[in-house]
Amino acid sequence: MFQPKPMSKLLIVASKQQLEPVITELYRLNIFHIDDYVEKGDEQWDGFKIGMPMKGADTISSSLVKIRSIASAFGIGSNQTDTVAKARIQELKRSIEQDLPTIAEEVEKLLSQRTKLEISAKEYEQRIEALKPFIDAPFPMELLRGYDSVSCLAGTVKGQVTITVPHEIWVNPLKTGAFITLAVKNTDLPAVERSLLDVQLQKAAIPEETGYAPAVIAEHEKKIAAINAEIETLTAKMGVIKEKHQHFLMSSEELLTSDIEQAEAPLRFATTDLAFAVVGWVPGDQVTKVYENLDRVCAGKVYVTELEIEDYNDGPPVEYNNPDFAHPSELFMDIYSRPKYTEVDPTLLMSIVYPIMFGLILGDVGYGAILLIMSLGLRSMVKGNEAGTQLINVLRNCSVSSIIFGVIFSEFLGFSLPWAPLWFSRHIPIGVATEGAVHHASAIPQLLVVSIWIGILHISLGRIWGALNASRMEHGHHKSLKMYANIGWILVMWGIIIMIWSKFPIMLMPDLTTMPELAGGLNIATIAGAIMLILGLAFIARENVLDLMEVPTIISHVLSYTRLIAVGLSSVAIALVTNFIAIGLIINPQLENLTPLGIVLIIVGVVVFLFGHTLNTALGILGGGLHPLRLHYVEFFTKFYRGGGKKYNPFGMIRKLTEQN
Amino acid sequence: MSAETVAVEVAAAAASAAGLKAVGAGLAVGLAGIGSGLGEMGIGAAAMGAVAENKDMFGLALLFTVLPETIVIFGLVVALLLMFQ
C-alpha cells in the first residue's frame, strides 16, 4: 500500500545450449522484466557481447509481416475476434507453412485488382470534372483540336473579353466572370493570350474526348458505375475470405509474435562464445518460482542468483501494488508519470479522494444515475482497451459517489428530493416562485469553508509525504535539508492559518480570538502562529532561498480548493435555470389552460428541458472530472511527487488465441 | 417628507444595492474569465504543440494549461459570496 511492488534483481547465467529452454521458460512465466544489456565497456562485463537472434527469426518475421499486412487490409484487430477455441500450436504451425502462402497470394491478387479498379474510376471522375465546363457547349469536343493553323484555348476569365483579331468565341457566363472557349489563328495567339492576361485568364485543358460533353459524361458515369459494381463484388469476395480465415490469421499472428519475441530475445542478453548472461527484475514473491522452473527445464545446468540492488532510484521497474478498487486510478498516475520505485505511490489515496471530489462537484442523484448507466453501457465498447476500461471504471466510481452526495444534498436534476438536505444545502433561490418548488435555505459560505478544510488537509498530507520521500530518496546533508524544508512549508501554512484564526472568527473553524492577550493586542495564538511562520521560512530558506518566492502560493493553493463548491454550484445553477425556463416559464402556464398551441409549447418546453440537462451532464463530466484531476496534479502532486519510474514490462505474453505449450 | 416616501426610498435603496451586488458578481466572473482565457491562450497553443511532438507530455501539458484557471475560480467564489452571504 502506497508502495510499488517489491522487486528482486536476478542474474541468470548458463551455457549457450541452455539458451532456448531458458528463453522459452521465461517467456512462459511472463514475470521476468529484462534489463537490456548495453555494451558500455564496463570492466564487470568485459568480453560480453550483445547476442544474435536465434535461427529461423528471419522466416518468422517475414511470415509475420505477411499476416499483418493481410490483417490490416481486412481491418481486423486482435480485440475483434471472439475466442472460440484456442488453436493447437502444432496444427497452426503446419497451416502457416501450407496455407499462408496461398491465402497471401489470393488476397494480394484481389487487393491489386481492387486498387487498379479504384485508380481507373478516379481517372474517369477526373475526365468528367474536366468536361463539366463544356456541358452547355454547342459543339462536340473533337472540333477543339487537330488544326494546323488554328489554336483553341479555354479557361475562366474575370470581366469583359475584347479581342481585335479575327476569332470565334463561345462565352458561358458564370457567377463571377465567365468560361470562354476561343479559336484564333496561330499567328495571333501570343497577342490574344497577352490581352487575356488583363482579365485574369485561368487556362483549362481542352478535353481529349469525342462528342458533345453531356453525352460523354453520361458514358463515363456508366463506366464508373460498372467499376464500382466490380469493386463491390471484390469486396464481397474479400469479406468471405476474411470470415473464413479471421481466426486463423489472428491466432497465427499471436503465435508468430510470441515466436519472434523469443527468437530475438538474445539481442537483449550479454553473450560470449559459449555462454550467456541476463539481468532482470522479478516481483519479490515470485523469485523462487523462477529458480525452480529454470532449474527444472535446464536440468540444473543454469546459475540463477539474486543480486544486491545498488541504486534504488534508478533501477527496479515499477508495478503498482494496489487493491482492486484502486486499479482504475492508475490511469491518472500513468498520464502524469509513473511513480519511482522508492517514492510514495498516491494511487490508493487518489482512488478514494477523487470520487469524493467528483461527488462534491456533481452531487445530484439524477446526473449520477445518468453517468452510472452511461458507464455500464459503454463498458462493452471499450472491451480490450485497458485505458478505456480504466476510464469507464473511474466514471462508474465517480457516479456512485455523485449519487451518494446527491442524496446528501437532496438534489435530483436540480429539483429537491422529498427530504431536506442531510448536510449543508446547495439549493439556490432560482425559480422559487414556481408553483410547487421546494426551497431549502442555502449554506454556501459553510460549504466554501469545508472545501478550504479539504485543501488544508490535502496539502498538509502532500507535504508530509514530501518529507517522507526526501527521507527515502535523498542522501546525506541534502536529505535533512529537504525534509526540514517540507516541514517548513507545513509550519508556514499552519502559522498563517493560526494567525488568521486568532484575528478573525470563522465558521466551522476554531475560534482563537478569545485566547489570553499577551502584549500589544497580540494574543498567544497570534504569537505562536508568527513563530511557526518564521521558523518555517527559515527551514525553507535553508534549502533554497529562492523558494521563498513561492510562499504566496500557499494561500492560492488552499483557496484553489474552493473550486469544489464553486464549480459544483455553477452546475446546480444551470440545472435550476433549465428547470425554471422549461417548467416554470413554458410548461406550467400552458397546463393551466390547454390549447392546441399550448401543446406545441409544452413539447418545446420538454425539448428545452432535455437540451439543458444534456448540456449540464456533459459540463458536469468535464467540470467534475477535470477539476479534481487538476487539484491532484497541481495542488497535491507538486508537494511531493516526482514520478519517472520505469514500467514493469515482463518478458512474455498473455495468450488469448493459442494454447500454451 | 411623509413616512410613505421614506419607505419607498428605503425600498429603492435596497433594490439598487441588490442590483449593484449582482453587477459586481457578474463583473467578478466575467473579468476573471477573460483574464484566465488570455492566460490559457498562449499556454494551450504551446501545450498542443508539445503533445503533438510527444504524447507523454499530455499530463504535464494539461497541468500547465489549467494553471491560470484558478483565477476564474476566485472570481466565481467572490461572486458566490456576493450573492449568497
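Data block above holds the structure.
Not measured: the values here are computed from a predicted model.

Rules and cut-offs
Residues numbered from 1 in each chain as written. Chains lettered and ligands numbered in written order. Predicted model: local features only at pLDDT ≥ 70, side-chain atom pairs only at ≥ 80, totals over all residues. Helix = DSSP H or I, 4+ residues; strand = E, 2+ residues; numbered from the N terminus. Rg over C-alpha atoms; globule rule 2.2 N^0.38 Å. Buried ≥ 20, exposed ≤ 12 C-beta atoms within 10 Å, placed from the backbone. Contact = placed C-beta atoms within 7 Å. Expected span 1.5 Å × (residues − 1). Bend = angle between axes of the 7 residues up to and from the residue. Axes fitted to C-alpha atoms, helices over the stretch in contact; angles between N-to-C directions. Parallel < 35°, antiparallel > 145°, perpendicular 65-115°, else oblique. Left-handed = near helix turned anticlockwise from the far one by under 90°. Nonpolar A, V, L, I, M, F, W, Y, C, P; charged D, E, K, R; others polar. Pairing = 2+ DSSP bridges.

Draft legend 1. Representation of the overall build of chain A within the structure. When helices and strands are tallied, chain A shows 16 helices and 14 strands. Over its C-alpha atoms chain A spans a radius of gyration of 38 Å, topping by over 25% the 26 Å that the globule rule assigns to 661 residues. Counting only C-alpha atoms, chain A reaches 115 × 90 × 55 Å along its principal axes. Expressed as a percentage of the 661 residues in chain A, the buried residues total 33%. For chain A, restricting intrachain contacts to residue pairs at least 6 apart in sequence, the fraction spanning at least 24 positions comes to 79%.

Draft legend 2. Region of the structure containing the overall build of chain B. A tally of regular secondary structure across chain B gives three helices and zero strands. What you see for chain B is a C-alpha radius of gyration of 22 Å, clearly larger than the 12 Å of a compact globule of 85 residues, by over 25%. Principal axes of the C-alpha set define a box for chain B whose edges measure 75 × 20 × 10 Å. Taking all 85 residues of chain B together, 22% fall into the buried category. Residue pairs in contact within chain B that sit at least 24 positions apart in sequence constitute 72% of those at least 6 positions apart.

Draft legend 3. A look at helix H15 (residues 563–592) of chain A. Taking 1.5 Å of rise per residue, the 30 residues of H15 of chain A would be expected to cover 44 Å, and the 41 Å separating its terminal C-alpha atoms lies within 8% of that figure. At Phe580 of chain A, H15 of chain A shows its maximal bend, which comes to roughly 30°.

Draft legend 4. Up close: the packing of helix H2 (residues 57–74) of chain A against helix H3 (residues 89–131) of chain A. All names here are of chain A. Where H2 contacts H3, the two axes come as close as 10 Å, and the packing angle between them is 45°. Relative to H3, the element H2 lies oblique. Once H2 is placed against H3, the crossing between them reads as left-handed. Across from Ser63, Lys66, Ile70 and Ala73 in H2, the residues of H3 making contact are Ile96, Leu100, Ile103, Ala104, Val107 and Leu111. Its residues assigned to classes, the contact of H2 with H3 comprises eight nonpolar, one polar and one charged.

Draft legend 5. Looking closely at the interface of chain A and chain B. Listed by partner, the interface residues are 18 residues for chain A and 14 residues for chain B. Those elements giving two or more residues to the side of chain A that touches chain B turn out to be helix H7 (330–336), helix H11 (444–473), helix H14 (553–560), H15 and helix H16 (596–636) of chain A. When residues in the side of chain A that touches chain B are grouped by element, the largest group, four residues, is from H15 of chain A.

Draft legend 6. The arrangement of the sheet that holds strand S7 (residues 202–204) of chain A in detail. All names here are of chain A. Here four strands make up an open sheet; going across it, the order is S5-S6-S4-S7 and the pairing antiparallel. Each edge of the open sheet carries a strand with a single partner, namely strand S5 (167–173) and S7. Here the strands of the sheet are splayed against their neighbours by 25° on average, with no regard to which way each runs. Bridging between strand S4 (residues 150–157) and strand S6 (residues 178–185) involves eight bridges; their strand directions are antiparallel. By the bridge assignment for S6, Leu153 is matched with Leu182.

Draft legend 7. Molecular detail of the packing of helix H1 (residues 3–53) of chain B against helix H2 (residues 58–66) of chain B. All names here are of chain B. With their axes 9 Å apart at the nearest point, H1 and H2 run at an angle of 175° to one another. What the angle tells us is that H1 and H2 run roughly antiparallel. Here H1 contributes Glu40, Ile43, Gly44, Ala47, Ala50 and Val51 to the contact with H2, which in turn contributes Phe58, Ala61, Phe64 and Thr65. Residue composition of the contact of H1 with H2, by class: seven nonpolar, two polar and one charged.

Draft legend 8. Layout of the environment of Gly388 of chain A. All names here are of chain A. In this structure, Gly388 sits in helix H10 (residues 386–409). A tally of 15 C-beta atoms within 10 Å means that Gly388 is categorised as partly exposed. Residues Gly388 and Leu535, spaced 147 residues apart in sequence, show a C-alpha to C-alpha distance of 48 Å.

Read these as geometric descriptors, not functional statements.
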